[in-house]
Amino acid sequence: SQQGEEDPQALSIQEGENATMNCSYKTSINNLQWYRQNSGRGLVHLILIRSNEREKHSGRLRVTLDTSKKSSSLLITASRAADTASYFCATAPGNRDDKIIFGKGTRLHILP
Amino acid sequence: DAGVTQSPTHLIKTRGQQVTLRCSPKSGHDTVSWYQQALGQGPQFIFQYYEEEERQRGNFPDRFSGHQFPNYSSELNVNALLLGDSALYLCASSPGTGSMKTQYFGPGTRLLVL
């Protein structure tokens, strides 16, 4: 079963613009993670935010977490062609610290 | 330092056959997790191995089994293949268990069942 659900399913923006993706989940969590996947290959871990954190930055990435709304957002600023990929949120359910559950992903396409 | 490697990269099987996929973790990692990713979907957790034992399992039938060797490498076995088993199979390694440990993914094995 998949707990996280990303929104939108697909997003196309011009290079240089900012891209925002959202993730909603159903149960309490220990942490939430964002991953990137290029062309159906392996996933790359981008950032992890703990349940007691509200915002986290890493380079051009900004992640927010609202546990009261059970939602998170990933902002990519000043997008580049190389950012074209699928982005997944993954949650670690509060009762099972080891397992992470992925959403269906947002397919981001950066237009030149 | 080699990352996570998987073999083979692609595989074609017919219904009813059995398949074995292999994974070598990143150097220094002792925990291996396996995921199944159907086309257009997110990865689904199959199981995790640590200290040569299956620690956790997702919602997959017993046809899916695995093994971890003393050198931390791992195998995923699928018996009695079904058409619905066609997917990208991803292996991820981490330095220990727990969701706070960053998982490093391999490039995957693409399995097609005819």
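Everything below is about the structure printed above this text.
Worth saying up front: this structure is predicted, and the values here are computed from it rather than measured. (Residues numbered from 1 in each chain as written. Chains lettered and ligands numbered in written order. Predicted model: local features only at pLDDT ≥ 70, side-chain atom pairs only at ≥ 80, totals over all residues. Heavy atoms only, no water.)

**Q** I tried to follow the overall build of chain B on my own but got confused; where do I start?
**A** Scanning chain B for helices and strands turns up zero helices and eleven strands. When the helices and strands of chain B are read in sequence order from the N terminus, they spell out β-β-β-β-β-β-β-β-β-β-β. Whereas a compact globule of 114 residues would reach a radius of gyration of roughly 13 Å, chain B reaches 13 Å, a difference of no more than 12%. For chain B, the spread of C-alpha atoms along the three principal axes comes to 40 × 25 × 25 Å. Intrachain contacts of chain B at a sequence separation of at least 6 include 53% that bridge at least 24 residues. Positive and negative side-chain charges of chain B, numbering 9 and 9 respectively, have mean locations separated by a distance of 10 Å. (Helix = DSSP H or I, 4+ residues; strand = E, 2+ residues; numbered from the N terminus. Rg over C-alpha atoms; globule rule 2.2 N^0.38 Å. Contact = heavy atoms within 4.5 Å. Lys, Arg positive; Asp, Glu negative; His and termini not counted. Charge placed at Lys NZ, Arg CZ, Asp CG, Glu CD.)

**Q** Could you clarify how one ought to interpret the packing of aromatic side chains in this entry?
**A** How two aromatic rings sit relative to each other is given by the distance of their centres and the angle of their planes. Under the counting rule described, the total for this entry stands at nine aromatic pairs over all chains. Plain terms: the ring middles of A:Tyr35 and B:Phe105 are 5.6 Å apart, the flat faces sit at 85° to each other, and that makes the pair edge-to-face. With A:Tyr35 in strand 4 (residues 29-37) and B:Phe105 in strand 10 (residues 104-105), the pair connects residues from two separate chains. As far as burial versus exposure is concerned, A:Tyr35 and B:Phe105 are alike and both buried. Relative to B:Phe64, the ring of B:Phe60 lies with its centre 5.1 Å away and its plane at 65°, an arrangement referred to as edge-to-face. By relative accessible area, which is 12% here, B:Phe60 ends up buried. With relative accessibility at 2%, the residue B:Phe64 sits in the buried group. (Phe/Tyr/Trp six-rings, centres within 6.5 Å; stacked < 30°, edge-to-face > 60°. Buried < 20%, exposed > 50% of the residue type's maximum accessible area, 1.4 Å probe, protein only.)

**Q** I keep staring at the pattern of salt bridges and nothing clicks. Help me out?
**A** Between side chains of opposite charge, pairing is possible as soon as their charged atoms come close. Inspection of the entire model under this criterion finds six salt bridges over all chains. Across the pair A:Arg62 and A:Glu55 runs a salt bridge, and its minimum N-O distance is 3.1 Å. A relative accessible area of 29% places A:Arg62 in the partly exposed class. Here B:Arg22 ties to B:Glu75 by a salt bridge, and the two come within 3.4 Å at their closest N and O atoms. With B:Arg22 in strand 3 (residues 19-24) and B:Glu75 in strand 8 (residues 74-78), the pair connects residues that are 53 residues apart, well separated along the chain. (Salt bridge = Lys/Arg side-chain N within 4 Å of Asp/Glu carboxyl O.)

**Q** I keep staring at the sheet that holds strand 1 (residues 5-7) of chain A and nothing clicks. Help me out?
**A** Each strand in a sheet pairs with another by means of backbone hydrogen bonds, the pair being arranged parallel or else antiparallel. Residues and elements named next belong to chain A. Spatial strand order, 1-3-8-7-6: five strands in an open sheet with antiparallel pairing. Unpaired on one side and paired on the other, strand 1 and strand 6 (55-58) mark the two borders of the sheet. Strand after strand, the sheet turns through a mean of 20° between neighbouring axes, direction not considered. Bridging between strand 3 (residues 19-24) and strand 8 (residues 71-76) involves six bridges; their strand directions are antiparallel. Bridging from a neighbouring strand, asparagine 22 pairs with serine 73 of strand 8. (Pairing = 2+ DSSP bridges. Axes fitted to C-alpha atoms, helices over the stretch in contact; angles between N-to-C directions.)

**Q** Sorry, what's going on with the nonpolar core here?
**A** Nonpolar side chains tend to gather and get buried jointly when the protein is soluble and globular. In this structure, A:Leu32, A:Trp34, A:Leu74, A:Ile76, A:Tyr87 and A:Leu108 are the most contacted members of the largest nonpolar core, which totals 22 residues. Secondary-structure elements contributing two or more residues to this core are strand 2 (10-14), strand 3, strand 4, strand 5 (43-50), strand 7 (61-66), strand 8, strand 9 (85-93) and strand 11 (106-111) of chain A. Setting aside residues no more than four positions away along its own chain, A:Leu108 makes contact with A:Leu11, A:Ile13, A:Ala19, A:Met21, A:Ile76, A:Asp83, A:Thr84, A:Ala85 and A:Tyr87. If you look at the next biggest cluster of nonpolar residues, it comprises 19 residues, including B:Val19, B:Val32, B:Tyr89 and B:Leu111. (Core = buried A, V, L, I, M, F, W, Y, C linked by side-chain atoms within 4.5 Å.)

**Q** What exactly am I supposed to notice about the state of the cysteines here?
**A** One covalent bond between the sulfur atoms of two cysteine residues makes up a disulfide. Residue and element names in this part refer to chain A. Per the stated rule, a full pass over the model turns up two disulfides over all chains. At a sulfur-sulfur separation of 2.0 Å, the disulfide partner of cysteine 23 is cysteine 89. Around the S-S axis, the bridge from cysteine 23 to cysteine 89 shows a dihedral of about 60° and counts as right-handed. With cysteine 23 in strand 3 and cysteine 89 in strand 9, this pair connects stretches of sequence that are 66 residues apart. (Disulfide = S-S within 2.5 Å.)

**Q** For this particular structure, what's the right way to read the interface of chain B and chain A?
**A** Size of an interface, as often reported, equals the accessible area lost when the parts are brought together. At the interface, 25 residues of chain B touch 24 residues of chain A. Buried area between chain B and chain A, summed over both chains or domains, comes out near 2,000 Å², and the portion from carbon and sulfur atoms is 47%. Counting the surface chain B buries against chain A, the share from its top three residues, B:Gln56, B:Ser99 and B:Met100, is 30%. Viewed at the interface, chain A and chain B are joined by zero salt bridges. The interface formed by chain B and chain A contains one residue pair in polar contact (both at pLDDT 80 or more). Looking at the side of chain B that touches chain A, the elements that each hand over two or more residues are strand 4 (31-37), strand 5 (44-50), strand 6 (53-57) and strand 9 (87-94) of chain B. Of the residues assigned to the side of chain B that touches chain A, the class counts are eight nonpolar, 14 polar and three charged. (Buried area = accessible area lost by both parts, 1.4 Å probe. Polar contact = N/O pair within 3.5 Å; in protein donor to acceptor, adjacent residues only side chain to side chain. Nonpolar A, V, L, I, M, F, W, Y, C, P; charged D, E, K, R; others polar.)

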